[in-house]
Amino acid sequence: MVGRSGTPDPEPSLLTVLPGPFVVEAGRPVLIAPPGMESLRVRRVVVAWKDTLEARRAVLHSLPFLERSDQILLVGVGPAGDGEGLDDVAAYLSRHGQAVTPHRLGSDDAGAGEAILGFVVRQDADLLVMGAYGHSRMREWMFGGVTRDVLQNTPVCCLMSN
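Residues numbered from 1 in each chain as written. Predicted model: local features only at pLDDT ≥ 70, side-chain atom pairs only at ≥ 80, totals over all residues. Heavy atoms only, no water.

K.L.:
Give a description of the sheet that holds strand β3 (residues 44-49) that names residues and reports values.
P.N.:
The sheet built from seven strands is open, its strands ordered β1-β2-β7-β6-β3-β4-β5 with mixed pairing. Every other strand in the sheet has two partners, leaving β1 (2-3) and β5 (100-106) as the edge strands with one partner each. One ladder, built from three bridges, connects strand β2 (residues 30-33) with strand β7 (residues 157-161); its direction is antiparallel. Its bridge partner being in β7, I32 is matched across the sheet by C158. Contacts from helix α5 (residues 112-122) reach β3, β4 (71-78), β5 and β6 (127-131) within the one sheet, and its direction differs from that of β4 by about 155°. (Pairing = 2+ DSSP bridges. Helix = DSSP H or I, 4+ residues; strand = E, 2+ residues; numbered from the N terminus. Contact = heavy atoms within 4.5 Å. Axes fitted to C-alpha atoms, helices over the stretch in contact; angles between N-to-C directions.)

Structure representation (structure tokens):
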């Protein structure tokens, strides 16, 4: 578990662990918490889906949280709502006994992080689950990306896997 470190947050100290590099180097799923978070409920969980290895790992690593949730909202983002594999993941998660509702949000790559975080807020979610750094770190650094947007701005805890 590591704290979020984004532009609206207090200035990091010398002992601050930056979540971006930590997610890449940990070799394990990482739970990122926004400032002021005192407890974690998993009543309503949003799973951000893109058919990548990182997203598959995130789903697998989040099963202990998902199995305790009341509702799972599975969301794909992209020009066509990134529906590739969305129904398959919904069926997989349903086999774990949870209520799963797939959602498709239209957005371009530049707005995907904002679309996911907006969905999280509108749904009053407790936890966001997603894969991290599907692109190279250099590309993320130069052009931004969903991982960076979420790491800097998530209003809820976020479980990321790389």
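K.L.:
An account of the packing of α5 against helix α7 (residues 146-153) is needed here, citing residue identities and associated values.
P.N.:
Where α5 meets α7, the axes come as close as 8 Å, and the angle between the chain directions of the two elements is 40°. As judged from the angle between their axes, α5 and α7 are oblique. Like other packed secondary-structure pairs, α5 and α7 cross with a definite hand, here right-handed. Where α5 approaches α7, its residues A112, G113, I116 and L117 are matched on the opposing element by V146, D149, V150 and N153. Its residues assigned to classes, the contact of α5 with α7 comprises five nonpolar, two polar and one charged. (Parallel < 35°, antiparallel > 145°, perpendicular 65-115°, else oblique. Left-handed = near helix turned anticlockwise from the far one by under 90°. Nonpolar A, V, L, I, M, F, W, Y, C, P; charged D, E, K, R; others polar.)

K.L.:
Quick rundown of the pattern of salt bridges? Include the residues and the values.
P.N.:
One side chain can pair with another of opposite charge once the charged atoms of both are near each other. For the coordinates displayed, the defined rule picks out five salt bridges. A salt bridge links R43 to D126; its shortest N-O distance comes to 3.5 Å. Of this pair, R43 sits in the loop between β2 and β3 while D126 is found in the loop between α5 and β6, placing the two residues 83 residues apart along the sequence. R43 sits in the partly exposed class, given a relative accessible area of 27%. Its salt-bridge partner being R104, residue D87 comes within 3.3 Å of it at the nearest N-O pair. Highlighted residues: D87 in helix α4 (residues 86-94) and R104 in strand β5, separated in sequence by 17 residues. Salt bridges here are not isolated pairs; linked through shared partners, they connect R41, R43, D124 and D126. (Salt bridge = Lys/Arg side-chain N within 4 Å of Asp/Glu carboxyl O. Buried < 20%, exposed > 50% of the residue type's maximum accessible area, 1.4 Å probe, protein only.)

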